[in-house]
Structures are given as C-alpha cells and as structure tokens.
Amino acid sequence: MRTPAHLADLAPGQSATIAAIEAHAGLRNRLEALGLSRGQRVQMLRRAWLAGPLHVRVGMTELMLRRADAARVGLEVGLDPWPVAA
Amino acid sequence: MAGGRVSTIAVLGMPNTGKSTLFNQLTGSHAHIGNWPGITVDLMQADVDLQGTPAQLVDLPGIYDLRGHSDDEAVVRRFLESTRLDLVVVVLNASQLDRQLRLALQVRQLGLPAVLLLNMADEAKRFGVTIDTTSLAEELAMPVVLLSAKYRRGLGEARHQMAKAIAKGLSQEGPGGSQAPVAHLDACLAEGDGALQRQIAQLMERSVTLPPQWRDRLTRRLDGVLLHPLLGLPLFFLVMALMFQAIYAIGVPLQEALGTLLDSFGQGVIAPLIRGLPAFAQGFLLEGVYQGIGTVSAFLPVIFLFFLAMGVVEDSGYLSRAAYLMDAFMERLGLDGRSFVLSLMGFGCNVPAIMGTRVMRDRGLRLLSMLIIPFSLCSARLNVFLFMASVFFAPRVGGLVIFGLYVMSFAAAIVTALLFKGRFSSNEPLVLELPPYRFPTLRQMFSRAWLEVRHFWFWSRRFIIFGVVAVWLLNNLPFGVEPASAQSFSGWIGRALMPVLGPLGINPKLAVALLFGFIAKEIVLGGLAVIYGQANPLALGHALALDVNWVQAVSFMLFTLLYTPCLSTVAVIRSESKSAKFTWFSVLWSLALAWGTSFGFYQLATALGWGSLVLH
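Being a predicted model, the structure only gives us computed values, none of them experimental. (Residues numbered from 1 in each chain as written. Chains lettered and ligands numbered in written order. Predicted model: local features only at pLDDT ≥ 70, side-chain atom pairs only at ≥ 80, totals over all residues. Heavy atoms only, no water.)

A. Summary view of the overall build of chain B. Tallying secondary structure elements over chain B gives 27 helices and ten strands in all. Since a compact globule built from 616 residues should have a radius of gyration of about 25 Å, the 27 Å found for chain B is in line with a globular shape. Along the three orthogonal principal directions, the C-alpha set of chain B runs to about 80 × 60 × 40 Å. Taken across its 616 residues, chain B has 55% of its residues classed as buried. Restricting to contacts in chain B with at least 6 residues of sequence separation, those with at least 24 account for 77%. Put simply, chain B shows about 25,900 Å² of open surface, and 64% of that area lies on carbon and sulfur atoms. (Helix = DSSP H or I, 4+ residues; strand = E, 2+ residues; numbered from the N terminus. Rg over C-alpha atoms; globule rule 2.2 N^0.38 Å. Buried < 20%, exposed > 50% of the residue type's maximum accessible area, 1.4 Å probe, protein only. Contact = heavy atoms within 4.5 Å. Areas by Shrake-Rupley, 256 points an atom, 1.4 Å probe, with all protein chains shown as cover.)

This is the structure we're talking about:
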C-alpha cells in the first residue's frame, strides 16, 4: 500500500515514518513532547466517525488527535516497507 | 553543612506518570497548600524527613515540556525562575522513555541538581521494556531509580538517592546558601533544543530495550469494544448511568443513617449541655450552627463515593477515551473532548473542574468551558433534589424527575455553548494521550477519595458555617419575633424578592433559601430546615409539602440547578479567568437562564392546571 502524504490520510492499520511537522511552534512542541517528531514511525489505529478524532500510536505512546492537526504531520511518501496488520 | 536548614525539593513530571501518587507516598499524605511568591496557583507541599535531612517537597503541575505554552507550563517556569531549589525530582513513565527523557534532558540543560525517578516499573516490565539504570545514570549524570509507586516498590531507594543528592549539594554549598533560582531559563532551554532528539535517540540506544512488538493485548482488545464507532458512546453512557445508580443506592441510605445519628446526638447530648444558656443562644447553637452543619455532613458519604467512582474511571484510563468518543460532538459546540471530561468531573464538584481547564491554552476555549461547567449538576445540588423529589413524588416518578434534571443540566450546557461559541471561538489543537488501561489498587482509590473529600470540606465549611448562621440570625432577628415569620428579617427579604420570584411560583420562604444558596447549595437544605423550624428531614418534608405544590417545587429545583452554583465557583472562575467582566457575565447569564426556564415552566404548568394534580 502506498503511504499518503499526511498523517490525517493514513488508513487504519497503516504505518509510516514522519517526515516533517508543518506546524507553528506551540503545536510542534506539544506534538514532539508526545512523541510525534521527524523520523518516528507512526501507526493509525482507528478513525472516529463523523470526522471525529484519530487514534494513533507512536513509539510507546498512544494518542488521539484531530484531523486538522494530523494534517500538519507530513509523512515520507513511498511504499510502506512494513505493513502491519490491524 | 548549613546546620538544620530545610532543603527545598521540587517534584516535576509529565501527566500520566503517577506523579501525584508518588508524591503522596513520599510525603505520607501530609501535604497542604503552600504559597509561593510569584505563583498564583495552589501548589501542594509537604515537610518530610529524608533519612535525617529535613526537606519540603513541592508538587509542581504535570507538564509535557518546559518550553510549552500552556498555563501550567508557565507556572512551572515561573517557579523555577523564582525559587531556590536544592533538588529537582523528575518523575517519568518508565515505559515511555522514548519521548519523556526530553524533560530530564531539559532539567539537566538548566544545570539543576536532579534525581530521576522512573515510575510504573511494573507496567514497563509487563510491556517488555527493559532499562539499564546504571548506564542511564552515567549518561545523564544524575541518579536514576526504577520504582512503582502503585505497588510501593523502590520508594526507599528513591528517598536514599534524594537524601544523598541533597547532602552532596550541601557539602559543596558556598556561604550564599542553596542554588540560586534559574536565570535566563528560556534562552538556556532554546540553546539545548536542537540536540534534544539526537540525545534522546542516543540514550535510548545505549540504555533502554523496547519490545519488538506491542504487548498490551488487553488495551488493544478493550479499545476495540469501548472505542467502537457504534457501540462506544452507548456503552459509555451505560457505564455512567450504572455508576450513578450504584453511588446513590449505597450513598443515600448511609446519608439517612448518618443524619438520624447526628440528630439524636444533637437532641440527646448537645441540647442538655447548653440548657443553662439563654433561649436565644440555645437556639442559635443547636438550630443554627449544629443542625446546619449536621445536614451538610450527612451527605459527605455520597461525595466520598462519587469521588471514589470518578477516581476509578479516571485512573483506569476510561476518561481519556470519553474525550475521544465525545470530541466530534464537542467540536461542533466550539469545545473539545477535554471540556466534556471536565464537565463530567463537575458533576462531583464544579470547583476542581474549573481549575482543570488550565490544561487548555486557548483563551476562548478555556472561557467557554468555564461558562458551561457550572451547569453540571454537582453533588451539593443533587442533595437538594434528592430531598425535594422524595417529598413531592412517588419513588418511580422521583427517579424520572432526577433524570430530567440531569438532562436539563446537559441541555443548559449545550445551549450555552451554541449561543456563545462565536464569542469565545478557538482554534486550539487537540492532542491527548490515551494511556493503557490500568486497575487502580484499593488503597490508591480510597486514599484519593479521602483526599478529595478533605479538600471539599476544607473549601466549603467556611461558607456553610457562615451561611447557616446568617440564615438563622435573619430568621430570628429583630429580637422577639416569631422565627421566620413575616416580621423577621428573612420575611422582609423574601417579600422584597416577590416581584422577581413570585412569577416563578417561589414563595418568600423558598426565596430566602435561594438567596442563601448563592453562597453554597449545601446551605439550601440546612437553610430550609432552619426556615421551617424542622430539623428532622421527614417533618421538614411534611411542612414543605403543605406549603407548596409540586409545580412550585419543580420550578424551585430548575432554578437551583441553573443559577450560580456557589461562591466558591464564582471565586475560582474569577481567579482562573483573571477577568471580573467574564465572571459577572457568567453569573448574570446563569441567573437569566435560571429565571427564564423556571418562569417558562411554572407559567406553562399553571396554565395547564398541573398544579392541582396529585402525584404522590
């Protein structure tokens, strides 16, 4: 499966590597403190209905975040070398 | 050594690391609220003896990042910049070092003497995370202790390392005393920021082994059900409904038993003791002070149970899931999942819930959350409703009335958010941790609930004592009047309020109770007892039922639900919003909503002739 360009578009079960955080300093600090930083592997666990939040896992931490904020997390584009079963 | 000087230790850590549990265990729950220059929020502190070294431990708010932008993060920065510290204890979650080491590195960057405590060692072991503490301590140049505050393991070693670090600091100490506060904190942190990621990666590689695969099957499976797109929300509301059911099934009989006990103690022990005093003083002590306080103390068991249940829901990790489940809905109200969780906590007591909005950075979002939290039907109001429902309705109908009031409480919050979301708009990002599911230990649960009840009592007792005394005096002055009669001060006040409250079906006696309910809802029942001159709840119920009909009673309950919860809530809104204008707005809006709702209900019900229906 091809990796989408942003975390907001990752399908449940899919993983990718973070390429860049395209957010203002405040949000970037918070995302990094929770583990979302360049070079980290991130996996989509589930997406809530009605455009609700996303449930992702990065390193040893599980997070919920809104789609608008996840759209600021850029992913390395390319074939996912390690497809993970949900 | 600086003979006998008390060392100051700050406890710093990320949220969800069990920092408060650890703090309570290190201090033996002797903590009290301390005042620190330049810090406007309450910080818990405690005096401890660390293997012969006297020290005061200060619990700082849980933060993610010393460079972060939330209010709590600013508080910690101000504290570090203004306080002389002998030691910083950094508490991290052992299984999440891959991101949490950041905080330890920031503390090291500031050059503060530190001890690193890795909590939740039990969980790290369960998840397959192994940590070489010796190597980590060497790399970080600070002592590292692996421990589990929940199962009380490693606490002795932690104390030992803390004492050793302080002794080392004292022996190097110059004539100026302990370490000066941190200067140029922001610049100093900015300098180290670029290298943080690389340093963390390096430390992880040298000292920590992560499992090749995620091992927490339990969390994965539970989330599959509890966060289910279709089942998630109904399950959540079912759990909440069962929880409230259980609290009142156990709590209400306890409350009644305690009430009867306190009543007979007053009649049997206190009344004979003060028999020699003048009648006015006797009445004041027994009917004013003792009965007022007794009525309130009787419902402490319900509050204890409430905090116990809420603590379990929170510590288990389910409350963060509630934020996930509700966020899509809350976003449309201009709020977020956290506002929902805080509103739920407000069902216990609004005051801590409003303080909890500190985690929000955006002012619009924070103010809108503060505006809706006071509509959460707190335990003090519930106490009034349980009593009124039992007086005016048969048990089955009474349950429905209570349920209806909960629905009204949600509806008031939703209407308020919809009306004002434009005025308090926000674009705050929402990124929250969903911790693994945990089972709190019995000891943890009970000590926490006990702490909350103590805190509640500390907050409310001044208001309660002041309130019941004031009600009694207004009822019995000027000297020689028939208590609570039309000639007493309270009679005058009640009549003066009639042009406003009369159209709601609220009579002068209920008006006085509402007036004092402004101080605290805990006073309403005690106040009614004093006004009707009936201490025994049964007798009070009869007197009340003779005086007003059920439509008036429901109108009174609606008003009680919606108007300003208590002075403590107003005070905390004022201190958290730092705006007198917003505080006034919040008070006036809730009064307007209360008046409008009660007026609408009473006029409609009267026009339909419901007042003469007998429902009992």
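Further notes follow.
B. Geometry of the sheet that holds strand E10 (residues 431–433) of chain B. Strand order in the open sheet formed by six strands is E6(A)-E2(A)-E3(A)-E4(A)-E5(A)-E10(B), and the pairing between neighbours is antiparallel. If you trace the sheet from one side to the other, it starts and ends with strand E6 (73–75) of chain A together with E10 of chain B, each paired once. On average, adjacent strands in this sheet sit at an angle of 45° to one another, irrespective of strand direction. Bridge count between strand E3 (residues 41–47) of chain A and strand E4 (residues 54–58) of chain A: five bridges; the pairing is antiparallel. Bridge pairing links A:Gln43 to A:Arg57 in E4(A). Packed onto the sheet, helix H13 (residues 318–332) of chain B meets E3, E4 and strand E5 (61–65) of chain A together with E10 of chain B and runs at close to 30° relative to E5(A). (Pairing = 2+ DSSP bridges. Axes fitted to C-alpha atoms, helices over the stretch in contact; angles between N-to-C directions.)

C. Molecular detail of unusual backbone geometry. All names here are of chain B. With an omega dihedral of -10°, the bond running from Leu477 to Pro478 counts as a cis peptide bond. Here Pro478 is to be found in the loop between helix H19 (442–476) and helix H20 (489–496). The phi dihedral of Gln51 falls on the positive side, at around 45°, and the residue is not glycine. As for its placement among the helices and strands, Gln51 is situated in the loop between strand E3 (43–50) and strand E4 (53–59). If you check the backbone angles, Ala141 has positive phi at about 55° while not being a glycine.

D. Layout of the packing of aromatic side chains. Residues and elements named next belong to chain B. Counted by the stated rule, this structure contains 18 aromatic pairs over all chains. Judged by centre distance (6.4 Å) and plane angle (40°), the ring pair of Phe265 and Tyr290 falls under tilted. Taken together, the positions of Phe265 in helix H10 (residues 232–273) and Tyr290 in helix H11 (residues 279–297) put the pair 25 residues apart, joining distant regions of the chain. Ring-pair connections join several aromatic residues into one group, and the members of that group are Phe420, Phe424, Phe582, Phe585 and Trp589. One residue, Arg423, lies across the ring of Phe585, its end atom 4.8 Å from the ring centre. The residue whose ring lies beneath Lys521 is Tyr563, and the NZ or CZ to ring-centre distance is 4.0 Å. (Phe/Tyr/Trp six-rings, centres within 6.5 Å; stacked < 30°, edge-to-face > 60°. Lys NZ or Arg CZ within 6 Å of the ring centre and 35° of its normal.)

E. Representation of the pattern of salt bridges within the structure. In this structure the tally under the stated criterion is 14 salt bridges over all chains. Between A:Glu62 and A:Arg57 there is a salt bridge, and its shortest N-O distance comes to 3.5 Å. As far as burial versus exposure is concerned, A:Glu62 and A:Arg57 are alike and both buried. The partner of B:Asp223 in a salt bridge is B:Arg321, with the nearest N and O atoms 3.0 Å apart. Of the two residues, B:Asp223 sits in helix H9 (residues 217–226) while B:Arg321 sits in helix H13, which places them 98 residues apart along the sequence. Take B:Asp223: its relative accessible area is 2%, and that puts it in the buried class. The class of B:Arg321 is buried, set by a relative accessible area of 0%. One continuous salt-bridge network, built from bridges that share partners, spans A:Glu32, B:Asp65 and B:Arg102. (Salt bridge = Lys/Arg side-chain N within 4 Å of Asp/Glu carboxyl O.)

F. Spatial organisation of helix H25 (residues 550–562) of chain B. With 13 residues, H25(B) should cover 18 Å at 1.5 Å per step; its first-to-last C-alpha distance of 18 Å lies within 8% of that length. At the N-terminal boundary of H25(B), the capping side chain belongs to B:Asn549, with an oxygen 3.1 Å from the backbone nitrogen of B:Val551. (Expected span 1.5 Å × (residues − 1). Polar contact = N/O pair within 3.5 Å; in protein donor to acceptor, adjacent residues only side chain to side chain.)

G. Representation of the nonpolar core in the model. Membership of the largest hydrophobic core comes to 126 residues, with the highest contact counts inside it found for B:Met388, B:Phe392 and B:Leu528. Discounting chain neighbours no more than four positions away, the residues touching B:Met388 are B:Leu544, B:Ala553, B:Phe556 and B:Met557. Listed in part, the 68 residues of the second largest apolar core include A:Ala8, A:Leu65, B:Ala114 and B:Leu118. (Core = buried A, V, L, I, M, F, W, Y, C linked by side-chain atoms within 4.5 Å.)

H. Layout of the side chain of A:His55. Within the fold, A:His55 resides in strand E4. With sequence-adjacent residues up to four places away left out, A:His55 is seen in contact with A:Gln43, A:Met44, A:Leu45, A:Arg46, A:Glu62, A:Leu63, B:Asp223, B:Leu227, B:Tyr324 and B:Leu434.

I. Spotlight on the interface of chain A and chain B. Taken together, the contacts link 33 residues of chain A with 42 residues of chain B. Summed over both partners, the interface of chain A with chain B buries about 3,200 Å², with 56% contributed by carbon and sulfur atoms. When the buried area of chain A at its contact with chain B is split by residue, A:Met60, A:Met64 and A:Arg66 rank highest and sum to 27% of it. Where chain A touches chain B, the interface holds five salt bridges. A:Glu32 is paired through a salt bridge with B:Arg102; the nearest N and O atoms lie 3.9 Å apart. One can count 16 residue pairs in polar contact (both at pLDDT 80 or more) joining chain A with chain B. Elements with a contribution of two residues or more to the side of chain A that touches chain B: helix H1 (25–33), E3, E4 and E5 of chain A. Here the side of chain A that touches chain B takes eight residues from H1(A), the largest share from any one element. Of the residues assigned to the side of chain A that touches chain B, the class counts are 16 nonpolar, nine polar and eight charged. Pairing analysis gives three bridges linking E5(A) to E10(B), with the strands arranged antiparallel. (Buried area = accessible area lost by both parts, 1.4 Å probe. Nonpolar A, V, L, I, M, F, W, Y, C, P; charged D, E, K, R; others polar.)

J. Just the packing of H20(B) against helix H22 (residues 508–517) of chain B, in detail. Residues and elements named next belong to chain B. In contact at an axis separation of 8 Å, H20 and H22 are set at 95° when each is read in the N-to-C sense. By the angle between their directions, the pair H20 and H22 is classed as roughly perpendicular. Within the contact between the two elements, H20 uses Ser490, Ile493, Gly494 and Arg495 and H22 uses Pro508, Ala511, Val512 and Leu515. For the contact of H20 with H22, the class distribution of residues is five nonpolar, two polar and one charged. (Parallel < 35°, antiparallel > 145°, perpendicular 65-115°, else oblique.)

K. The arrangement of H10(B) in detail. Residue and element names in this part refer to chain B. Across its 42 residues, H10 extends 59 Å between first and last C-alpha, which sits within 8% of the 62 Å expected from 1.5 Å per residue. The sharpest bend along H10 reaches about 35° and sits at Gly266. Looking only at H10, the buried set comprises Gly232, Phe236, Met240, Met243, Phe244, Ile247, Tyr248, Gly251, Gln255, Gly266, Ile270 and Ala271. (Bend = angle between axes of the 7 residues up to and from the residue.)

L. How the structure looks around a nonpolar patch on the surface. Judged by side-chain polarity, A:Trp49, A:Leu50, B:Leu230 and B:Leu231 come together as a nonpolar surface patch covering roughly 480 Å² of accessible area. For B:Leu231, the position within the fold is in the loop between H9 and H10. By relative accessible area, which is 46% here, B:Leu231 ends up partly exposed. (Patch = residues over 30% accessible without salt bridge, like charges linked within 9 Å, V, L, I, M, F, W, Y side chains within 5 Å.)

M. Quick peek at the pairing of strand E6 (residues 114–119) of chain B. All names here are of chain B. Across the six residues of E6, six count as buried, placing the element largely inside the fold. Side chains of E6 alternate between two faces, with Ala114, Leu116 and Leu118 and Val115, Leu117 and Asn119 buried alike. Bridge analysis of strand E5 (residues 87–93) against E6 gives six bridges, and the strand direction is parallel. If you follow Val90 over to E6, its bridge partner there is Leu116. Traced from E5 through helix H3 (residues 97–109) to E6, the parallel crossover comes out right-handed. Pairing geometry for E6 and strand E8 (residues 144–146), over three bridges, is parallel. Looking across to E8, one finds that Leu116 is bridged to Val144. (Right-handed = clockwise from strand over helix to strand, strands pointing away.)

Nothing here speaks to function; it is all geometry.
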